[in-house]
Protein chains: 2
Amino acid sequence: MIKVGINGYGTIGKRVADAVAKQPDMEVVGVVKTRPTHEARHAIKNEYALYANNMENVQTFINEGFEISGTLDDLLDKCDVIVDCTPGKIGAMNRPLYESKGVKAIFQGGEKSGTGDVSFNAQGNYATCLGKDYVRVVSCNTTGLCRTIGAVEKKYGVKKARVTLIRRGPDPGNSKKGPVNAIVPNPVTVPSHHGPDVNTIFPDMDIMTSAVIVPTTLMHLHTVIVEMNNPATTAEIKQLFKSTPRIILVKASEGITSTAEIMEHARDLGRKRGDLNEIAVWDESINVIGNELFYIQAIHQESDVVPENIDCIRAMFELTKDADESIAMTDRAMDL
Amino acid sequence: MIKVGINGYGTIGKRVADAVAKQPDMEVVGVVKTRPTHEARHAIKNEYALYANNMENVQTFINEGFEISGTLDDLLDKCDVIVDCTPGKIGAMNRPLYESKGVKAIFQGGEKSGTGDVSFNAQGNYATCLGKDYVRVVSCNTTGLCRTIGAVEKKYGVKKARVTLIRRGPDPGNSKKGPVNAIVPNPVTVPSHHGPDVNTIFPDMDIMTSAVIVPTTLMHLHTVIVEMNNPATTAEIKQLFKSTPRIILVKASEGITSTAEIMEHARDLGRKRGDLNEIAVWDESINVIGNELFYIQAIHQESDVVPENIDCIRAMFELTKDADESIAMTDRAMDL
């Protein structure tokens, strides 16, 4: 059993903890939180050993009546790998500590690509990450692009991909960020960083991305154009997506006309927090014209990377060298 | 002086009326309203003769204390051209009436392209519409695409264009429509109708569009990719857009980071209703890589088609056969 610590028990960290706890070959040895928030209460309720990031905050937790198991430093002594789910850019600052302790670490997509020695997407480059010590799981958007465009690349070859990302403002549990009533090019320059980030998984892919942020919290949405090397029909692409793990097709004809209905569908699935770990592609949007494939997909930014973190652990410890086997194991345990 | 009637004094109609009133070669002979709303009060205040759409509603206006000049039928007897600014699909139903009265008519982009005998964009196909009796001015989004992509077509040639339209939900003065918190593919199929609509102006252009609706009221936004036939640099495209009428460049570096700041900029210009009749292209977004041109533009859906309606009248009466002359005259009168 691989002993996993989680540094940062927020949007991603709490989900990774739950996903690790469900796997047969790894366990959660503790989670780190900086402040005694409502999320820290949930960690205790979920019976995860709770650690503070430093001694000063240990006292803060004790003052608030939390049972606390020690500091991040103590947790690092107990785990084989730490999954760093701290806010963006903090992971890079933490890496020297992990190195000094000789603990493997996973970083999230909010970190620059150099923070890990390599970036990870299970269906894209599992084999590249076998045995690696410091790996970065790419962001939610990049994960979504890698899953669908990667599937097309594998079967038909991608000549080039052109994507517009329409990004949610904040996550649903965050009431502080905007925009309230505007569309924000973010970045205002083209290409956005997402294309180059896909290149950390598919180095030779010709992909360009533009991105804007809009006033919604539920999901990101991508309009995708892929020029394929080899011919495929619309029906063949639908079949490809249907048969690829972690991609689902949704239908406007069944009432799923927006990201809101996708999330309602996810809630009806009964998964914890109403998560949708799969990428949702609108069936009706898939259209092949000549060598160009068009489609529209939605990304649940809070949860799509969670199974990736699990597979990443398996690759780093070479629990299996077969990506498909890891993916199947993860998805079975998470009931995807 | 061309005598212009306006059927429908709402978002577009009231703006077209004001724009006509400013021109030296045409005048507003009356505007038609169905109900005694606050907008009808403004028509009276602006000294436009007010007509009801039928006799029954004449009485409704009188009951509410409005001075009313008659019905649409009466207005048609007095005008050379009627600008139909009724809600989408009503224009098509009105055309037989206009024909029976022998009055020329302009329809708006909410109508199907067949509602006019030809579609109109001043910079795109002014000459095609010379002397025509029934013309449709293309929609706000199509107008925006025609202005910028059309400028590139004219100077460098367009091999193909691929656009994602991120559309506002309702107009700012409409509190009834959504979406509230979702991104809505609209249509869910690709291509959306916007590409074919551009083809009503540029019949041979290879253009494909995807469209979504988001929870904002201020402007539409487009991410545009154009493959050019002839080489151009980023600087040359910036210069092209700068020198093209009805296109302005805005800079994130000057604080215009979203559609909200573009509209604030427009309000500072001091134009009535805070309108921005020009298409706003983000300077920093313009990027030429190989033969591909990338940029991001924003469209003020309430006002960009207004000067087009003016030029359309001039073309239909052949007041000038020169598009550039008409555009210059319109823009001077509107202080663009």
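The structure under discussion appears in the preceding block.
To start, this report covers the structure provided alongside it. The structure displayed is predicted, hence computed values, not measured ones.

## Points about the interface of chain A and chain B
Part 1: Contacts between the two partners involve 40 residues from chain A and, on the opposite side, 41 residues from chain B.
Part 2: When chain A packs against chain B, the two sides together hide about 3,200 Å² of surface, and 67% of this comes from carbon and sulfur.
Part 3: Where chain A meets chain B, there are six salt bridges.
Part 4: Of the charged contacts in the structure, one is a salt bridge between E292 of chain A and K160 of chain B, with a shortest N-O distance of 3.0 Å.
Part 5: Summed over the shared surface of chain A and chain B, the number is 19 residue pairs in polar contact (both at pLDDT 80 or more).
Part 6: Listing elements by their share of the side of chain A that touches chain B, those giving two or more residues are β8 (158-168), β9 (184-185), β10 (207-214), β11 (220-228), α10 (259-269), β14 (287-289) and β15 (292-299) of chain A.

## Let's talk about the sheet that holds strand β5 (residues 104-107) of chain A
Residues and elements named next belong to chain A.
Part 1: Read from one edge to the other, the open sheet built from seven strands follows the order β3-β2-β1-β4-β5-β7-β6, with strand pairing classed as parallel. Single-partner strands in this sheet number two, and they are β3 (50-52) and β6 (118-120). Going from strand to strand, the sheet's axes swing by 30° on average, the running direction of each strand aside.
Part 2: With four bridges connecting them, strand β1 (residues 2-7) and strand β4 (residues 81-84) associate as parallel partners. Looking at β4, one finds that V4 is bridged to V81.

## As for the pattern of salt bridges
Part 1: Summed over all chains, the structure comprises 60 salt bridges over all chains.
Part 2: With its nearest N and O atoms 2.5 Å apart, the salt bridge here joins R267 of chain A to E264 of chain A. Taken as a pair, R267 of chain A and E264 of chain A lie in helix α10 at a separation of three residues, close to a single helical turn.
Part 3: Classification of E264 of chain A by relative accessible area gives partly exposed; the value is 37%.
Part 4: The salt bridge involving K321 of chain B is made with E318 of chain B; its shortest N-O contact spans 3.5 Å.

## Some remarks on the side chain of D84 of chain A
Residue and element names in this part refer to chain A.
Part 1: Summarising the element assignment, D84 is placed in strand β4.
Part 2: For the buried D84, no salt bridge is present, and the opposite-charge side chain at shortest range is R95, 10 Å distant.
Part 3: The residues contacting D84, other than those within four sequence positions of it, are N7, G91, N94, Y98, I106, F107 and Q108.

## Remarks on the packing of helix α7 (residues 140-156) of chain B against helix α9 (residues 234-243) of chain B
All names here are of chain B.
Part 1: One way to put it is that α7 packs onto α9 with a least axis distance of 10 Å and a crossing angle of 115°. The two elements α7 and α9 cross, and the hand of that crossing is right-handed. Together, T148, A151, V152, K155 and Y156 of α7 and E236, I237, L240 and F241 of α9 make up the contact between the two elements.
Part 2: Of the residues in the contact of α7 with α9, the class split is six nonpolar, one polar and two charged.

## Thoughts on the sheet that holds strand β6 (residues 118-120) of chain B
Residue and element names in this part refer to chain B.
Part 1: In spatial order, the strands read β3-β2-β1-β4-β5-β7-β6; together these seven strands make up an open sheet with parallel pairing. Edge strands, defined here as strands with exactly one partner in the open sheet, are β3 (50-52) and β6. Each strand axis lies, on average, 30° off the axis of its neighbour in the sheet, ignoring direction.
Part 2: By the bridge criterion, six bridges tie strand β1 (residues 2-7) to strand β2 (residues 26-33) in an arrangement that is parallel. Its bridge partner being in β2, I2 is matched across the sheet by M26.

## Regarding the pairing of β4 of chain A
All names here are of chain A.
Part 1: The side-chain alternation of β4 yields two buried faces, one formed by V81 and V83 and the other by I82 and D84.
Part 2: Taken together, the three bridges between β4 and β5 define a ladder with parallel strand orientation. Residue pairing for β5: V83 is matched across the bridge by I106.
Part 3: Crossover β4 to β5 through helix α5 (residues 90-101) is right-handed.

Conventions used here
Residues numbered from 1 in each chain as written. Chains lettered and ligands numbered in written order. Predicted model: local features only at pLDDT ≥ 70, side-chain atom pairs only at ≥ 80, totals over all residues. Heavy atoms only, no water. Contact = heavy atoms within 4.5 Å. Buried area = accessible area lost by both parts, 1.4 Å probe. Salt bridge = Lys/Arg side-chain N within 4 Å of Asp/Glu carboxyl O. Polar contact = N/O pair within 3.5 Å; in protein donor to acceptor, adjacent residues only side chain to side chain. Helix = DSSP H or I, 4+ residues; strand = E, 2+ residues; numbered from the N terminus. Pairing = 2+ DSSP bridges. Axes fitted to C-alpha atoms, helices over the stretch in contact; angles between N-to-C directions. Buried < 20%, exposed > 50% of the residue type's maximum accessible area, 1.4 Å probe, protein only. Lys, Arg positive; Asp, Glu negative; His and termini not counted. Left-handed = near helix turned anticlockwise from the far one by under 90°. Nonpolar A, V, L, I, M, F, W, Y, C, P; charged D, E, K, R; others polar. Right-handed = clockwise from strand over helix to strand, strands pointing away.

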